Amino acid sequence: MSEEIIGHGTWYDMMAKKIIEREQSLSRSMDNLRTEMGLGASGFPHIGSLGDAARSYAVTLALKNQGVNSELIAYCDDKDGLRKVPAGLTDKGLEKYLGYPVSSIPDPFGCHESFGKHMSSLLLEALDKCGIQYKYYSAKDVYEKGLILNEMRMLLSNSQQVGQIVKEQVGQETYTEVLPFFAVCENCGRIYTTRAYSFEPKTDKVHYKCEGLEIRGRLIKGCGHEGDADIKKGEGKLTWKSEFAARWKALDIRFEAYGKDIADSVKINDRICQEVLCFEPPSHAKYEMFLDKGGKKISKSAGNVFTPQVWFNYGSPQSLLLLMLKRFVGTRALAVSDIPVYMNELDYLEDVYFDKKNVGEKEAIRLKGLFKYCYLMAPPTKPSIHVPYNLLAFIVKLAPKDCLTTYVTEMLQSYGYLKKDQELDEDLLQRINYAANWIRDFEEIKETTVELTVEEKKAVSDLVNKLQTVADDPEKIQNSIFNAAKDNGVKPGALFRKLYQVLMGASQGPRLGPYVLAMGKQNVVDALQRSLKNN
RNA sequence: GGGUCCGUAGCUCAGUCAGGCUAGAGCAUCGGACUUUUAAUCCGAGGGUCGCGGGUUCAAUUCCCGUCGGACCCGCCA
């Protein structure tokens with residue numbers, strides 16, 4: 001139990017320390033401690049996929065911070081077969097490609113060279129947007145260029161041992177009979193339908209039959225073809241229960257985080273790596289899955305999954321990294337509706353970082369560290385202006401469409417977030433953009449009919465008259481509303497509430513004088529008259 | 001069958017690289033201030049057996065074991 005603080009005081013610094021200690025005790029080269037992440041290519045990247053990247057990269061940064069070179073490898077699983085048609089793409093005629101490697105399926109959107117490329121590039125775009133640096137490997141290239149040829153040979157030559165390990169670890173006996181290899185059928189082009197029966201070391205060929213495979217109760221039919229696949233030419237791939245091991249050794253990976261869904265697979269691969277390939281497997285960290293919060297109506301109208309791109313509509317890359325990095329253990333339920341919370345929390349961290357908030361020494365170290373990781377070790381040099389997300393959204397919602405930025409600027413000035421004559425900066429404009437998207441997509445303006453009492457009707461119609469004659473002065477307009485209430489025996493508070501409901505569908509709002517002016521007096525008069533008619 | 005996570009204020013959760021003074025935040029509630037209304041803002045208050053039972057320790061929300069409740073993953077592929 002040491003009191004010493006490691007690195008920036010986060011989980012990642014601790015992990016880095018452990019990795020370094022382990023590598024030292026193994027007496028391995030410290031030239032480059034590679035971390036790895038998997039890049040899914042068989043469906044839209046869920047936002048959780050970014051967690052793998054963010055956390056692995058954070059470990060890479062922590063390693064560097066402790067004086068060790070490190071890089072993140074992004075390994076694209078584009079030789080995987082398509083197992084099922086992704087939600088949202090059911091009308092793209094992908095059915096016939098089930099079982100094909102995703103890198104040989106045409107891009108249904110027509111903008112990339114393959115289905116797999118399209119999907120994986122969505123995640124890569126998100127990584128780029130966050131500023132996560134990585135070295136890209138595609139499984140297709142790795143196999144075709146023979147980068148893991150030696151490992152494949154070892155595994156296929158010792159397939160009984162591999163099969164035995166799988167059996168011992170999870171009780172699955174398949175690989176005691178079949179080689180841990182999927183050949184691409186030279187006749188029909190599918191990869192998941194083949195079973196590999198024997199390996200001939202002299203020719204580097206695997207003998208297979210295209211028999212078909214049942215996945216999740218659905219059978220993908222094979223074509224019955226029997227042939228030999230040349231492993232030198234990338235005519236197939238290792239199954240996952242052994243492929244990890246092979247690439248760890250081939251690419252010299254020293255750290256790999258993984259989701260608990262593949263925990264068993266990692267255990268098996270650790271043993272295979274050590275016992276068959278004679279390579280000490282990388283250090284690991286297991287994380288929980290990111291779950292979609294049930295019951296929330298999130299973008300399901302569009303049939304979308306919760307992708308990083310969705311997040312970036314409403315929140316900054318750093319806020320997403322905050323979500324990913326703030327906590328390692330624990331299942332995290334995600335919803336789009338949480339984005340404002342993370343935006344605000346990031347502001348809070350920034351306040352702590354710039355010593356604007358006092359939180360105690362230990363806490364400050366931890367939070368400042370987290371903040372730096374959110375900015376991937378390149379934090380801002382000066383504080384930004386923090387307007388609470390919901391307030392900004394509120395202002396944007398009420399802003400007249402024609403003069404959004406002017407209106408927001410005025411409001412922020414009057415609320416004291418901006419000094420008089422201070423204009424919006426880049427950061428605030430971006431925040432307004434997020435808030436505007438938010439309002440546009442999630443806050444439908446309710447157009448309910450507002451019921452008015454007899455007195456209120458009189459007051460409203462009185463106000464209509466007053467507005468038509470009053471000068472264009474916010475204060476005078478404000479006064480005329482107040483007078484319209486008093487003159488007609490209505491409590492000002494009640495009248496204001498009704499006016500907000502009529503004008504913006506909310507029971508509360510900004511100071512009305514300036515707002516009426518900003519909206520245009522005539523528009524307000526029209527709205528009020530419509531409301532009177534409906535009563 | 002194997003495994004993981006969660007259970008802290010009415011609600012949502014912090015507090016898990018490292019056990020330590022009166023366990024925190026936001027929202028909600030209530031009270032007050034201010035604005036000729038609302039909203040906003042500011043101040044304050046109430047509210048917790050930290051699921052339950054053991055253990056380790058000078059000290060446990062925090063570590064260990066067990067237990068109850070909730071959620072999830074794996075057991076076919078990845």
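Criteria and thresholds
- Residues numbered from 1 in each chain as written.
- Chains lettered and ligands numbered in written order.
- Predicted model: local features only at pLDDT ≥ 70, side-chain atom pairs only at ≥ 80, totals over all residues.
- Heavy atoms only, no water.
- Domains from an automatic or database assignment.
- Contact = heavy atoms within 4.5 Å.
- Buried area = accessible area lost by both parts, 1.4 Å probe.
- Salt bridge = Lys/Arg side-chain N within 4 Å of Asp/Glu carboxyl O.
- Polar contact = N/O pair within 3.5 Å; in protein donor to acceptor, adjacent residues only side chain to side chain.
- Nonpolar A, V, L, I, M, F, W, Y, C, P; charged D, E, K, R; others polar.
- Pairing = 2+ DSSP bridges.
- Helix = DSSP H or I, 4+ residues; strand = E, 2+ residues; numbered from the N terminus.
- Axes fitted to C-alpha atoms, helices over the stretch in contact; angles between N-to-C directions.
- pLDDT = per-residue confidence, 0-100.

(A) Molecular detail of the domain arrangement of chain A. Domain annotation for chain A reports domain 1 (1-145 + 288-367), domain 2 (158-238), domain 3 (389-441) and domain 4 (454-533). Distance between the C-alpha centres of domain 1 and domain 2: 31 Å. The partner domain 2 presents 17 residues to the 13 residues of domain 1 that form the contact. Taken together, the two surfaces of domain 1 and domain 2 that pack against each other cover about 1300 Å², and 53% of this comes from carbon and sulfur. Three residues, K79, R83 and Y143, lead the burial of domain 1 against domain 2; their summed loss comes to 41% of the area buried on that side. There are one salt bridge connecting domain 1 and domain 2. As a salt-bridge pair, K237 and D80 come within 3.4 Å of each other at their nearest N and O atoms. In this assembly, domain 1 and domain 2 are joined by eight residue pairs in polar contact (both at pLDDT 80 or more). Broken down by class, the residue content of the side of domain 1 that touches domain 2 amounts to five nonpolar, two polar and six charged.

(B) Region of the structure containing the sheet that holds strand β1 (residues 33-39). In spatial order, the strands read β3-β2-β1-β11-β12; together these five strands make up an open sheet with parallel pairing. Pairing within the sheet leaves two strands with one partner each, and these edge strands are β3 (135-138) and β12 (283-287). Neighbouring strand axes in the sheet, compared pairwise and without regard to direction, differ in orientation by 25° on average. The sheet contact formed by β1 and strand β11 (residues 253-259) spans three bridges and is parallel. The residue bridging R34 from the neighbouring strand is I253, located in β11. The sheet contacts of helix α1 (residues 11-25) involve β1, β11 and β12, and relative to β12 the element is tilted by about 150°.

(C) Summary view of the sheet that holds strand β9 (residues 226-230). Overall, antiparallel pairing links the three strands, which are arranged β5-β6-β9 in an open sheet. The sheet is open, and its two edges are formed by β5 (194-200) and β9, each paired on a single side. When strand polarity is set aside, the average angle formed by the axes of neighbouring strands in this sheet is 30°.

(D) Up close: the confidence of the model for chain A. For chain A, the mean per-residue pLDDT works out to 83, and 89% of the residues sit at or above 70. The spread of mean pLDDT over the elements of chain A runs between strand β14 (residues 332-334), the lowest at 68, and β9, the highest at 96. Within the model, the stretch residues 294-304 combines pLDDT values under 50 with six contacts to residues more than four positions away or in other chains. Below a pLDDT of 50 lies the segment residues 444-448, which in the model reaches three contacts outside its immediate sequence neighbourhood of four places, other chains included. At the level of chain-chain contacts, confidence expressed as ipTM amounts to 0.83, with global pTM at 0.85.

(E) Highlighting the environment of L219. Here L219 shows up in strand β8 (residues 218-221). Once the C-alpha coordinates of L219 and T193 are considered, the two residues, 26 residues apart in sequence, prove to be 9.4 Å apart. Excluding its chain neighbours within four sequence positions, the residues that come into contact with L219 are L213 and E214.

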